[in-house]
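Below, each chain spelled out in residue letters.
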Amino acid sequence: MSKDIRIKKGLDIKLVGEAEKNTTTSSLSSVYAVKPEDFHGITPKLVAKEGAKVKAGDTLFYSKSDERILFLSPVSGKVTEVVRGARRKVLAVKIAADTKQVHKDFGTKNVDKLSAEEVKNHLFASGCWPFIKQRPYDIIANPNQAPKAIFISAYASAPLAADLEYTLAGKEAELQAAVTAIAKLTEGKVHLSVGQNASSLFTSLKGVALHKVSGPHPSGNVGTQIAKIDPINKGEVVWILTPQDLVVIGELFLTGKLNMTRTVALTGSQFSTPQYTTAIAGACIADVTAKNLQNNNTRVISGNVLSGKEVKEDGFLGYYDNQITAIPEGDDYEFFGWNKPIFNKISTSRAFTFSWLTPNKKYDLNTNTNGEHRAFVVTGAYEEVFPLDIYPMQLLKAFMYKDLDEMEALGGYEVAPEDFALTEFICVSKQPHQKIIREGLDLMREELG
Amino acid sequence: MSLKQNLHNLKEKYRGTKMAPAFNAIHTFLYLPNEVTHTGGTHIKAADDLKRTMNIVIISLIPCLLFGMFNAGYQHYAAIDPSLRGDVFANFFTMDNLWIGIIKVLPLVIVSYGVGLLVEFIFAVIKGHEVEEGYLVTGMLVPLIVPIDTPLWMLAVAVVFGVVIGKEVFGGTGMNILNPALTIRAFLFFAYPTWMSGDKVWVYDAVNRTGTADAISGETILGSYAQNQEVIYSTWDKFMGFIPGSVGETSTFLILIGAAILVFTKIGSWRIIVSTFAGAAVMGLIFNLVTSSGIITESSKFYGLMNTVWWEHLMIGGLAFGAVFMATDPVTGSQTNKGKWIYGFLIGFFSIMIRVFNPAYPEGVFLAILLMNVFAPTIDHYVVQGNVNKRLKRAKVKTA
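The structure reproduced in this document is the subject of the present report. In this convention, every chain numbers its residues from 1, walking through the sequence in written order. Naming scheme: in the order in which they are written, chains are lettered from A and ligands are numbered from 1. For this predicted model, a pLDDT threshold of at least 70 governs which residues receive local features, and a threshold of 80 or more governs which side-chain atom pairs are given and counted, while totals over whole chains, interfaces and linings are taken from all residues. Side-chain figures throughout are based on the complete set of non-hydrogen atoms in the structure, without hydrogens or water.

**Let's talk about the packing of helix H7 (residues 152-166) of chain B against helix H8 (residues 180-191) of chain B**
All names here are of chain B.
Okay, so step 1: Between H7 and H8, whose axes approach to 8 Å, the crossing angle comes to 130 degrees. Our classification of the angle between H7 and H8 gives oblique. When you trace H7 past H8, the crossing you get is right-handed. Of the residues in H8, those in contact with Met154, Leu155, Val157, Ala158, Val159, Phe161, Gly162 and Gly166 of H7 are Thr183, Ile184, Phe187 and Leu188. Simply put, an axis is a line fit to the C-alpha atoms, just over the touching stretch for a helix, and the angle between two N-to-C directions goes from 0 to 180 degrees. Per the convention used, a helix needs a DSSP run of H or I reaching at least four residues, while a strand needs a run of E reaching at least two, with both numbered from the N terminus. The scheme is simple: roughly parallel for angles under 35 degrees, roughly antiparallel for over 145, roughly perpendicular for 65 to 115, oblique for anything else. Should the near helix be turned anticlockwise from the far one by less than a right angle, the crossing is left-handed, and should it be turned clockwise, the crossing is right-handed. Contacts are residue-level and defined by heavy atoms, with any inter-residue pair within 4.5 Å sufficient.

**Focus on helix H1 (residues 3-14) of chain B**
Okay, so step 1: What a helix should span is 1.5 Å times the count of its residues minus one. With 12 residues, H1 of chain B extends 16 Å between its outermost C-alpha atoms, agreeing within 8% with the 16 Å of an ideal straight helix rising 1.5 Å per residue.
Okay, so step 2: Downstream of H1 of chain B by one or two residues, Gly16 of chain B has phi in the positive range, about 85 degrees.

**Describing the packing of H8 of chain B against helix H19 (residues 365-394) of chain B**
Two quantities define a packed helix pair, namely the angle between the axes and the distance from one axis to the other.
All names here are of chain B.
Okay, so step 1: Running from N to C, H8 and H19 point in directions that differ by 125 degrees, and their axes come no closer than 10 Å. In terms of axis orientation, H8 runs oblique to H19. The handedness of the crossing between H8 and H19 comes out as left-handed. Mapping the contact onto sequence places Leu182, Thr183, Arg185, Ala186, Phe189 and Phe190 in H8 and Phe366, Leu367, Ile369 and Leu370 in H19.
Okay, so step 2: Under the grouping applied here, Gly and all other residues not named as nonpolar or charged are polar, the nonpolar ones being Ala, Val, Leu, Ile, Met, Phe, Trp, Tyr, Cys and Pro and the charged ones Asp, Glu, Lys and Arg. A class-by-class count of the residues in the contact of H8 with H19 yields 8 nonpolar, 1 polar and 1 charged.

**Details of the pattern of salt bridges**
Okay, so step 1: The working definition used for a salt bridge is a side-chain nitrogen of Lys or Arg within 4 Å of a carboxyl oxygen of Asp or Glu. This structure, assessed with the given rule, holds 32 salt bridges over all chains.
Okay, so step 2: Note that Arg374 of chain A and Glu372 of chain A form a salt bridge whose closest N and O atoms lie 3.2 Å from each other.
Okay, so step 3: Think of it in three bands: residues with accessible area under 20% of the maximum for their type are buried, residues over 50% are exposed, and the middle band is partly exposed, with areas taken using a 1.4 Å probe on protein chains only. Classification of Arg374 of chain A as buried rests on a relative accessible area of 3%.
Okay, so step 4: Ionic pairing is found between Glu133 of chain B and Arg374 of chain A, a salt bridge with its closest N-O pair at 2.8 Å. Taken together, the positions of Glu133 of chain B in the loop between helix H5 (95-127) and helix H6 (134-144) and Arg374 of chain A in the loop between strand S21 (334-335) and helix H8 (382-385) put the pair across two chains. Residues Glu133 of chain B and Arg374 of chain A agree in their burial class; the two are buried.
Okay, so step 5: Each of Glu372 and Arg374 of chain A together with Lys51 and Glu133 of chain B takes part in one network of salt bridges that share partners.

**Digging into the environment of Ile390 of chain A**
Okay, so step 1: Note on placement: Ile390 of chain A falls in the loop between H8 and helix H9 (392-401).
Okay, so step 2: Ile390 of chain A sits 53 residues away from Leu443 of chain A along the chain, and the two C-alpha atoms are 19 Å apart.
Okay, so step 3: Excluding its chain neighbours within four sequence positions, the residues that come into contact with Ile390 of chain A are Leu395, Leu410, Gly411, Glu414 and Val415 of chain A together with Asn387 and Arg391 of chain B.

**Let's talk about the interface of chain A and chain B**
Okay, so step 1: Listed by partner, the interface residues are 80 residues for chain A and 63 residues for chain B.
Okay, so step 2: In total, about 6500 Å² of surface goes out of reach between chain A and chain B, with carbon and sulfur atoms giving 55% of it.
Okay, so step 3: What counts as buried area is the accessible surface, traced by a 1.4 Å probe, that two parts surrender upon association, with contributions from both included. Looking at the side of chain A facing chain B, the largest losses of area belong to Tyr333, Trp338 and Arg374 of chain A, adding up to 15% of the total buried there.
Okay, so step 4: Taken together, the links from chain A to chain B amount to 7 salt bridges.

Below, the structure written as structure tokens:
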């Protein structure tokens, strides 16, 4: 039985540079990196020493707060460098990859026969636990708290998002194995949300509650789906997994191998041929984008344009990302840009902006903020693109003045930064909504636990 | 070197100095800044910023301003020679009328912007924040809501008061509790009451000629009604705005065009505009009911205004202008959609109530809006509380 979720509020941002359905195989990078900052809220304790030889699946570091949460090397090779920042904070562990990859064997398992405890232990041991995220706070799941439900969004609605049906095609067995295993971790349901026209890849999965979602972005955001299906209340926890990480977990159970290879979408106007490519998590961006990127004043983003992270060309593919976006940097002045009619940018207002006339046009947006940072002035605009039953501006203000009672009461437990990506996009006052939410959530976690 | 490059170099040179905000204000007036999105958030941004938003409000006010300039002359000459009212179309858009507008209205605009922006710049430099766009709209609103003969020095004093006490002490644009333009208007009203009300201030030169052979009368419609007198203007005149009154508030027709611009561009809240008119209509109907049922008779001093047909209330005085351009101020108004309905309705409701019962000054819009500005956070509080309660209801863990 599927339950339909229809989202009315939101905004589809149509950009040029959609990936063609054609996958190239990028060569093995010479260097890979695992960055603790990809795992928000984790304090890493290093295991790997500089110069040590590692196999794909050997531990690099673990979480200080819970030693069972391991972070493994995605490739085999030699640990060349531990990059540190201010106060010796670990920024990245770099590994020079061997030409012949060796995987650590975790042993195959029959998922049907495993107990919840065995599943959990296997995920710990194999370094797959970081794939499970939790809300509230949008961090790696705390294994000591039982989730009331597990959510999987198999519908990507973000701008230029990788088509999961395409990137995960043929992975039915892995998906099913992973779903069967993780379903044991909750007393509640495993909710799987798919698009209106989803193929049997997702709809045929057993042991899940299927939901069909439709409507503009952020209908594919798992946060939107949680809010519509089973909103989080104080004291409750839900866990979240992405389909591509499920495939890794599934493959682990079926083959005993941690295979972090994934199909990555290269999107955005700065790619000469936007398409798909295969890459291992942590790969060097320059190797993945080789010969495709037009590198004149380009911003490269690991992830999508709304919630990804900027990476330099010598940077690395994020641990969870299945998309690299490249758009023009907008660091130029525009004469009378604040009052002349605008045809080449997107806007939800109609203040001399004409994107409402051409809803299907694809835009080539750059990174210019189109204005200066100001206090909140305009009201009622965020609500048009924010489908959650939360007052976005009031919540943002509570997060800014750090009133914990209000943060809690206005819906702080239900949100993640990415839920505020669209309000940040349309914000006339150019406020950094996602940063405000991230800092507020960190404060809540610290103070309220 | 190009102007763009020169300005860029200057910006870098003055970065971090006291004068940087003042320089940036001029720079960003000419050029959209070269700022890029920060690295960990939304990498792209929508096209509009606060300047563009404020700009649209100013554009929507321009018809009212131009009309107000012609009307200034028209009311002046028509008061001297009432026969001019016979053929409005021939006698309205004339150079003579415009000339009065230019010598009387333009200085109001210039003083309003000059003094207001000076105060803004001084505060920006002292406090080290950027010059914000809020005053662009306030500066245009102020000349439109004052009587034509307002002395320029009074306006200057009021603007200083309004910007400092109405806005800057709260932290600048976006932080104020009261609408700055209305704070300026209220200051004028309470500080210089004889200049701001009565029957001589609405028509240019009426005060000077009082008691002389060519005295001119300049009663507004509300003034006439308040004294239970006949009103000489037709409904058409009232709707189109060929009547005495504050500079920009007379033409309901052009105000509605402004409203259409604001609503279409999604800058002004249609909820507030509609609900303000609805609130005023309801109060007007209540008063009409009172007079038709005979509770108030013609001998009462309130009879004239109470007996005004409810829809006429919407066209006369400053109600339409207040509803469209003042009540919709997003900073001082209600911020939630439900709150906006309540907020607007009460503004309209109280506007007509104050208009009828205010013995000194037959107008209530600006007082009603200021009153509701103060209550807007309370309205929002209860609306938001509804959402909070919904959340508490479905929670299983109850907190103490």
